[in-house]
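Secondary and tertiary structure notes
Given next are the chains, with one letter for each unit.
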Amino acid sequence: MLVCMLFMFWTGCRCSVGISLLVLRLEDHAADRTLSMHRVFQFLSLRSLSEQKEAEITKRPASNTRRLSDKNLGPMLPLTREILSDFYGPFNRKLATVLQDDSFLWDTHSKPASRNG
């Protein structure tokens, strides 16, 4: 959802040519943190890390995981999911169109687009 809000701001402002924005899905980052990190470093034109430093970073446990008490609440209520989908749907469709990547539609069947990186 944060991505959609940032996208609304980014597309709403009249920025000068040359503004670059890298958008990554959390699911993709969680699935392959090494690839995600490579994409970020390449985007920022940073030098590659040593294998040792890269392993140190990618092997760290995630710090943004749900607390056990939150997990015990169960999955999101269907009505809540519907409300969020209705609200964010138009922004997700626009983001997916601009990025040419249907995975930003947040459809459970969509897969990340193949990317060079």
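Model, not experiment: these values are computed from the prediction.

With that settled, the discussion passes to the environment of D101. Residue position: D101 is located in the segment after α6 (78-99). Overall, the relative accessible area of 4% leaves D101 in the buried class. Of note is the side chain of D101, whose polar atom sits 2.6 Å from the side chain of S103.

What the rule picks out here adds up to two aromatic pairs. When the centroid spacing of 4.8 Å and the interplanar angle of 85 degrees are considered together, the rings of F87 and Y88 count as edge-to-face. Ring geometry for F87 against F91: centres 6.0 Å apart, planes inclined by 55 degrees, an arrangement best described as tilted. Within this pair, F87 and its partner F91 are both found in helix α6, separated by four residues, close to a single helical turn. By relative accessible area, F87 is classed as partly exposed at 48%.

In the Ramachandran plot, S45 falls in the positive-phi region, its phi being about 55 degrees despite a non-glycine side chain. Topologically, S45 is positioned in the loop between α3 (33-43) and α4 (51-58). For S45, a relative accessible area of 65% gives the class exposed. Even without a glycine there, the phi angle at Q100 is positive, about 50 degrees.

Rules of the game
- Residues numbered from 1 in each chain as written.
- Predicted model: local features only at pLDDT ≥ 70, side-chain atom pairs only at ≥ 80, totals over all residues.
- Heavy atoms only, no water.
- Helix = DSSP H or I, 4+ residues; strand = E, 2+ residues; numbered from the N terminus.
- Buried < 20%, exposed > 50% of the residue type's maximum accessible area, 1.4 Å probe, protein only.
- Polar contact = N/O pair within 3.5 Å; in protein donor to acceptor, adjacent residues only side chain to side chain.
- Phe/Tyr/Trp six-rings, centres within 6.5 Å; stacked < 30°, edge-to-face > 60°.

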